[in-house]
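For reference, the chains in residue letters:
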Amino acid sequence: MYCSYRRRRRRIKWNKIFRFFVIIGVLIGLIVYYKLRIAVTIQTYAVDEINAKVTAAVNRSVLLNLSDEKYDDLVVVEKNAAGEITMMAANSLLINRINKEIAVSSQALITTACDEGVGVPVGAFSGISLIVGVGPVIDLDILTAESVNCSFYSEFESMGINQTRHAVYIDVESTVNVIIPGDIQTVQVHTPVLICEAVIVGKIPEVYLNGSLF
């Protein structure tokens, strides 16, 4: 009787230990599955939504802050008597003003967009790509944009003999944070916007073609 009682207690003890490790194993498996599948799916969906919100905010900011600026306002092109281009220079004062205005305006508009959060369908929490967009939407919080930086750049494209298309862009780099369950994901969004363009007649020196005016 006593030996049977001791064996029964040992079985109960080992059963408890076994169940404990099974529960721990299941929890670890769920955590790994969440990190490798669910979190990645949610992050991908959220990043796409953030990109769309930030891009819309930046485009609106550019439209609000650019009025009648033309190519000749931003870029000065000088030619000699033979029609050859001798100098190309950027209007630094105007460019710095535009940079500042668009950065401040973009920050405000992105912050407003961030306050709305990002809607992620319940299907995304399954980690199964086929049902990512299925189910009711759960709002994830987005922290205010950490920083917004603007920079001008240009591209040259040959349009024929002694004709070159010169396009001027502003690149708005925005950094925002999105609160994903169990983590905070930092997202950087680059939004290039065409500011102006012109077709320049005349041979452009290599120093400008291979360099940057801005």
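Model, not experiment: these values are computed from the prediction. (Residues numbered from 1 in each chain as written. Predicted model: local features only at pLDDT ≥ 70, side-chain atom pairs only at ≥ 80, totals over all residues. Heavy atoms only, no water.)

**Remarks on the nonpolar core**
Line of reasoning, step 1. If you look at the biggest cluster of nonpolar residues, it comprises 45 residues, and the most contacted ones within it are Leu74, Met88 and Ile170.
Line of reasoning, step 2. Breaking this core down by element, the ones donating at least two residues are helix H1 (2–65), helix H2 (71–74), strand S2 (85–90), helix H3 (92–115), strand S3 (118–121), strand S5 (142–160), strand S6 (163–180) and strand S7 (183–201).
Line of reasoning, step 3. Tallying contributions element by element places H1 first for this core, with 9 residues.
Line of reasoning, step 4. Residues contacting methionine 88, with those up to four places away along its chain left out, are Tyr71, Val75, Val76, Val77, Phe156, His166, Ile200, Ile204, Tyr208 and Leu213. (Core = buried A, V, L, I, M, F, W, Y, C linked by side-chain atoms within 4.5 Å. Buried < 20%, exposed > 50% of the residue type's maximum accessible area, 1.4 Å probe, protein only. Helix = DSSP H or I, 4+ residues; strand = E, 2+ residues; numbered from the N terminus. Contact = heavy atoms within 4.5 Å.)

**Section: H3**
Line of reasoning, step 1. With 24 residues, H3 should cover 34 Å at 1.5 Å per step; its first-to-last C-alpha distance of 34 Å lies within 8% of that length.
Line of reasoning, step 2. Those residues of H3 not exposed but buried are Leu94, Ile95, Ile98, Asn99, Ile102, Ala103, Ser105, Ser106, Leu109, Ile110, Ala113 and Cys114.
Line of reasoning, step 3. Glycine 117 lies just past H3 and shows a positive phi near 75°. (Expected span 1.5 Å × (residues − 1).)

**Some details on the pattern of salt bridges**
Line of reasoning, step 1. Under the definition given, this model contains 3 salt bridges.
Line of reasoning, step 2. Notably, a salt bridge pairs glutamate 197 with arginine 165, separated by 2.7 Å at the nearest N-O pair. Placement of glutamate 197 in strand S7 and of arginine 165 in strand S6 is noted, with a sequence separation of 32 residues between them.
Line of reasoning, step 3. Taking the relative accessible area as the measure of exposure, glutamate 197 reaches 41% and is therefore partly exposed.
Line of reasoning, step 4. The network of salt bridges with shared partners includes Glu157, Arg165 and Glu197. (Salt bridge = Lys/Arg side-chain N within 4 Å of Asp/Glu carboxyl O.)

**Quick word on the packing of aromatic side chains**
Line of reasoning, step 1. Counting across every chain of the model gives 1 aromatic pair.
Line of reasoning, step 2. Judged by centre distance (5.2 Å) and plane angle (10°), the rings of tyrosine 153 and tyrosine 169 are stacked. Here tyrosine 169 lies in strand S6 and tyrosine 153 lies in strand S5, a separation of 16 residues in the sequence.
Line of reasoning, step 3. The class for tyrosine 169 is buried, based on a relative accessible area of 15%. (Phe/Tyr/Trp six-rings, centres within 6.5 Å; stacked < 30°, edge-to-face > 60°.)

**Topic: the environment of isoleucine 110**
Line of reasoning, step 1. Mapped onto the elements of the fold, isoleucine 110 is located in helix H3.
Line of reasoning, step 2. Given the relative accessible area of 0%, isoleucine 110 is considered buried.
Line of reasoning, step 3. Distance from isoleucine 110 to serine 174, taken between C-alpha atoms, is 8.6 Å for residues 64 residues apart in sequence.

**Some points on a nonpolar patch on the surface**
Line of reasoning, step 1. A grouping of Phe20, Phe21, Ile23, Ile24, Leu27, Ile28 and Val32 is seen on the molecular surface, where their side chains present a nonpolar patch of about 670 Å² in accessible area.
Line of reasoning, step 2. Mapped onto the elements of the fold, phenylalanine 20 is located in helix H1.
Line of reasoning, step 3. Phenylalanine 20 gets classed as partly exposed once you look at its relative accessible area, which sits at 48%. (Patch = residues over 30% accessible without salt bridge, like charges linked within 9 Å, V, L, I, M, F, W, Y side chains within 5 Å. Areas by Shrake-Rupley, 256 points an atom, 1.4 Å probe, with all protein chains shown as cover.)

**A look at the side chain of serine 105**
Line of reasoning, step 1. Among the secondary structure elements, serine 105 is positioned in helix H3.
Line of reasoning, step 2. On the accessibility criterion, serine 105 (16% relative accessible area) is buried.
Line of reasoning, step 3. When residues no more than four places from it in sequence are discounted, the contact partners of serine 105 are Ser61 and Asn65.

**Points about the confidence of the model for the chain**
Line of reasoning, step 1. Across the chain, pLDDT averages 79, with 84% of residues at or above 70.
Line of reasoning, step 2. Within the chain, the element-level pLDDT minimum falls on strand S4 (residues 137–140), averaging 74, and the maximum on H3, averaging 88. (pLDDT = per-residue confidence, 0-100.)

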